[in-house]
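Letter by letter, the chains look like this.
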Amino acid sequence: MSLTLLEKVRNVPRPTREAMLQRDASVHRFWNENKKVFEEAWTEWELKGGHGQIRLDDSLYAPKLRHAIEQSWENPHQEVLVKDIWTEVFPNVYKAQFFDPEKLYILREYMRRVSDAEIPLRPPYGIVLNRGGAMLDPRSEGYLAAPTFQSFYRNLMNQYMRPISRVLFPDVYGFDSQTFGFSIAWQAGKDTTLRPHTDASSVTLNINLNLPDEKYSGSAVRFIDPISRRVESLTFDPGTALIHHGNVGHASEPITEGERHNFVLWLYGEGGQVPHQYAPRHEHVTAHQRWTKPSVEPDKFAPF
Ligand SMILES: O=C(O)CCC(=O)C(=O)O
Ligand SMILES: [Fe+2]
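Conventions and cut-offs
Residues numbered from 1 in each chain as written. Chains lettered and ligands numbered in written order. Predicted model: local features only at pLDDT ≥ 70, side-chain atom pairs only at ≥ 80, totals over all residues. Heavy atoms only, no water. UniProt positions renumbered as here; feature names shortened; annotations may be inferred. Axes fitted to C-alpha atoms, helices over the stretch in contact; angles between N-to-C directions. Helix = DSSP H or I, 4+ residues; strand = E, 2+ residues; numbered from the N terminus. Parallel < 35°, antiparallel > 145°, perpendicular 65-115°, else oblique. Contact = heavy atoms within 4.5 Å. Nonpolar A, V, L, I, M, F, W, Y, C, P; charged D, E, K, R; others polar. Donors = N, O, S within 2.8 Å, 3.2 Å for Na, K, Ca; no water. Buried < 20%, exposed > 50% of the residue type's maximum accessible area, 1.4 Å probe, protein only.

The protein chain appears in an unreviewed UniProt entry as 2OG-Fe(II) oxygenase from Hirschia litorea. In its Sequence similarities (unreviewed entry) section, the UniProt record describing the protein chain reads: "Belongs to the iron/ascorbate-dependent oxidoreductase family."

Structure (structure tokens):
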């Protein structure tokens, strides 16, 4: 009897944690040589109902945000509706209810099925390896290629994240054509912390995915203001998001009990460009220009 595609990919020997952390050449080879077959496996998984027919649609978003976003796409002069949803909780760090906490179980159930699929998925290993996470963007090796997920992710990046970023941080305009993202799970006794760092993004959106009854202890994200050196630890309620420039320093404090789940999403310009002091300024960007999708194609650059 011949093995199905899914059986085959489930049996492929995977790179070890050590090899991944050392960025061994064999690890890149593993993901690159298997790229097509893993993408096909995710499609097969979905065709066979591995995702349980779960639909990831706009009903997942917090109703107020969704409404403001829809209104602004219809008429960009209403973008103040989007801006007003966000509160500055630290210099240049904004917070809002992003997903509807009552609907989050749908996304989490989808992600649980993804991990049950046993199709190799590349965990993020930017600074540390996060074993509970997965790369989400097609530019990344071993990304989550399931078609339903990809259409949800594209919508999240293009319809929601980019215009929100432009409204809150005018300087990211022109440095936001490229998308990148990963999921993470902080787990007590396993992957617990991340040292202070900045992100190689123009803007980072960090969305919490914990369910309303899913408690954890510790695991605040500590922010460091580059100008005043003020430091503050911020926490997330289920479905809330923080958004900030990549250059605001931050660190994940130790989780001591339970788990914290999130999506970390980045935008930057072609070839990894981010706004900087000498970058051309886009002074006269109109509301209509902010509510567009850049025509630039995704490039192949992946920060990690
Ligand atoms: O703990 C968090 O939510 C922040 C994670 C983070 O900063 C990163 O992955 O770059
Ligand atoms: Fe970060």
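Next, the rest of the story.
A. Region of the structure containing the packing of helix 5 (residues 63–74) against helix 8 (residues 147–168). At a minimum axis separation of 11 Å, helix 5 and helix 8 run at an interaxial angle of 85 degrees. Classed by the angle they form, the pair helix 5 and helix 8 counts as roughly perpendicular. Residues L65, R66, I69 and W73 of helix 5 form the contact with helix 8, whose own contacting residues are N158, Q159, Y160, P163 and I164. Looking at the contact of helix 5 with helix 8 residue by residue, the classes come out as six nonpolar, two polar and one charged.

B. Focus on the coordination of the iron ion (ligand 2). Taken together, the protein donors to the iron ion (ligand 2) comprise H197 (NE2), D199 (OD) and H250 (NE2), at separations of 2.1 to 2.2 Å. Counting residues between consecutive donors of the iron ion (ligand 2) along the chain gives the motif H-x1-D-x50-H. Taken together, the residues H197 in strand 5 (residues 194–197) and H250 in strand 11 (residues 249–252) connect sequence positions 53 residues apart. Given a relative accessible area of 8%, H250 falls into the buried group.

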